[in-house]
Amino acid sequence: MTTDTTRDTDRSFLFVLGSARPDGNTEILARAAAEQLPAGVPQRWVDLARLPLPDFQDGRHETGTWPVGESEETLRQATLEATDIVIASPLYWYTLSAHTKRYLDYWSGWLGVPGLDFKERMAGRTLWGVTVMSDHDEAVADGLVTTLNHTAAYLRMGFGGVLFGNGSRPGQVRDDERATLRAKTFFQREAPLARFPYEEGAAGEL
């Protein structure tokens with residue numbers, strides 16, 4: 001339960017920015033939510049557009065090792081050091097941005113790194129989402145929500161849900177009063193263990 005203040009001192013947040021432009025609406029909304037975190041909770045911000053990853057090469061069933069670049073190692077260590085990972089991606093074609101999806105593809109590779117124990121170490125942490133879109137109907141972002149929930153479910157992580165905002169032109173999300181209000185308490189909400197829809201007891205918990 002993320003509302004337990006006794007746990008705040010043990011939390012650390014990684015904000016992963018997946019927009020194709022700097023200072024975008026999604027980043028603005030994510031920072032508004034982050035401002036509400038207790039002062040002692042560490043925050044690390046990573047902009048995937050400024051820390052580029054090459055296209056993911058799936059070598060899990062091949063012999064040899066794939067060379068690890070500096071950007072990948074930075075992201076891997078940042079991911080493993082955080083208790084709470086916030087995916088801040090604008091809605092592109094009804095799902096995550098290309099930068100964000102590539103970052104999550106690398107999680108597939110980290111699962112197979114000998115001695116890393118990525119899946120075991122991610123279990124019990126919390127995944128969050130922040131997205132801003134031009135449509136007012138949040139249902140159009142179901143694909144993004146499903147991707148994040150299922151990713152968390154596979155790794156046995158908690159899922160805190162997605163903070164939605166509306167906007168298209170630069171800075172427009174600041175006019176979304178509902179999003180601003182939600183941002184004030186977003187990280188105070190409970191983040192139950194994520195489940196796949198077919199798992200017993202999943203209904204009503206997402």
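Computed from a predicted structure; not experimentally measured. Counting restarts for each chain: residues are numbered from 1 in the order of the written sequence. The model is predicted, so local features are restricted to residues of pLDDT at least 70 and side-chain atom pairs to those at 80 or more, both for listing and for counting; the totals for chains, interfaces and linings are taken over all residues. Working from all heavy atoms in the structure, the side-chain values ignore hydrogens and water.

**Student:** An account of the overall build of the protein chain is needed here, citing residue identities and associated values.
**Tutor:** Note on conventions: DSSP H or I runs of at least 4 residues are helices, E runs of at least 2 residues are strands, and numbering of each starts at the N terminus. Looking only at helices and strands, the protein chain features 6 helices and 5 strands. Reading the protein chain from its N terminus to its C terminus gives the helix and strand order β-α-β-α-β-α-α-β-α-β-α. The burial tally for the protein chain puts 47% of its 206 residues in the buried class. The contacts in the protein chain between residues at least 6 apart in sequence include a share of 79% that link residues at least 24 apart. On the protein chain, roughly 10900 Å² of surface is accessible, and the fraction owed to carbon and sulfur atoms is 50%. Only protein chains enter the accessibility calculation, which uses a 1.4 Å probe; a residue is then buried when its area is under 20% of its type maximum, exposed when over 50%, and partly exposed in between. Note on definitions: a residue-residue contact is assigned when non-hydrogen atoms from the two residues lie within 4.5 Å. Residue exposure ignores everything except the shown protein chains as possible cover, and the areas themselves are Shrake-Rupley values with a 1.4 Å probe.

**Student:** Could you give me a rundown of the nonpolar core, with the residues and numbers involved?
**Tutor:** If you look at soluble globular proteins, the nonpolar side chains tend to sit buried side by side. Residues belong to one nonpolar core when they are buried, are Ala, Val, Leu, Ile, Met, Phe, Trp, Tyr or Cys, and are joined through side-chain atoms within 4.5 Å. If you look at the biggest cluster of nonpolar residues, it comprises 36 residues, and the most contacted ones within it are I85, Y103, W107 and L127. Counting only elements with at least two residues in this core, the list comes to β1 (13-17), α2 (70-81), β3 (84-88), α3 (98-111), α4 (118-122), β4 (126-133), α5 (142-154) and β5 (158-166). Looking at this core, the element that brings in the most residues is α3, giving 5 residues. Setting aside its immediate chain neighbours within four residues, I85 contacts L14, V16, T79, Y103, W107, M122, T126, L127, W128 and M157. The next biggest cluster of nonpolar side chains, apart from the first, holds 22 residues, and it includes V86, V130, L163 and V173.

**Student:** Could you give an account of the environment of Y94, naming the residues involved and the relevant values?
**Tutor:** With respect to the element layout, Y94 can be found in the loop between β3 and α3. In sequence terms Y94 and A139 are 45 residues apart; their C-alpha atoms lie 9.6 Å from each other. Discounting residues that sit within four places of it in the chain, Y94 has contacts with V140, G143 and L144.

**Student:** Could you give an account of the sheet that holds β1, with specific residues and numbers?
**Tutor:** By way of backbone hydrogen bonds, the strands of a sheet pair with one another, either parallel or antiparallel. One bridge is not enough; two strands pair if DSSP finds at least two bridges between them. Across the sheet, which stays open at both edges, the 5 strands sit in the order β2-β1-β3-β4-β5 with parallel pairing between neighbours. If you trace the sheet from one side to the other, it starts and ends with β2 (43-47) and β5, each paired once. Ignoring which end each strand starts from, the neighbouring axes of this sheet average 15° apart. Inspection of the sheet shows β1 paired to β3 by 5 bridges, in the parallel sense. Residue F13 lies in a different strand from β3, and its bridge partner there is D84. Orientation is described by lines fitted to C-alpha atoms, with helices fitted over the stretch in contact, and by angles between N-to-C directions that extend from 0 to 180 degrees. Helix-sheet contacts for α3 involve β1, β3 and β4, and the interaxial angle to β3 is about 145°.

**Student:** Which residues make up the packing of aromatic side chains, and what values do they have?
**Tutor:** Where two aromatic rings form a pair, the distance of their centres and the angle of their planes describe that pair. Note on aromatic contacts: the rings of Phe and Tyr and the six-membered ring of Trp form a pair at centre separations within 6.5 Å, being stacked when their planes are under 30 degrees apart, edge-to-face when over 60 apart, and tilted otherwise. For the coordinates displayed, the defined rule picks out 13 aromatic pairs. The interplanar angle of 70° and the centroid separation of 5.1 Å between the aromatic rings of F13 and F187 together place this pair among those described as edge-to-face. In this pair, F13 is assigned in strand β1 and F187 in the segment after α6 (177-185), connecting sequence segments 174 residues apart. Here F13 and F187 have matching classes, each one buried. Measuring from centroid to centroid gives 5.5 Å for W110 and F118, while their planes differ by 70°, and the two rings are edge-to-face. Exposure remark for F118: the relative accessible area of 1% places this residue in the buried category.

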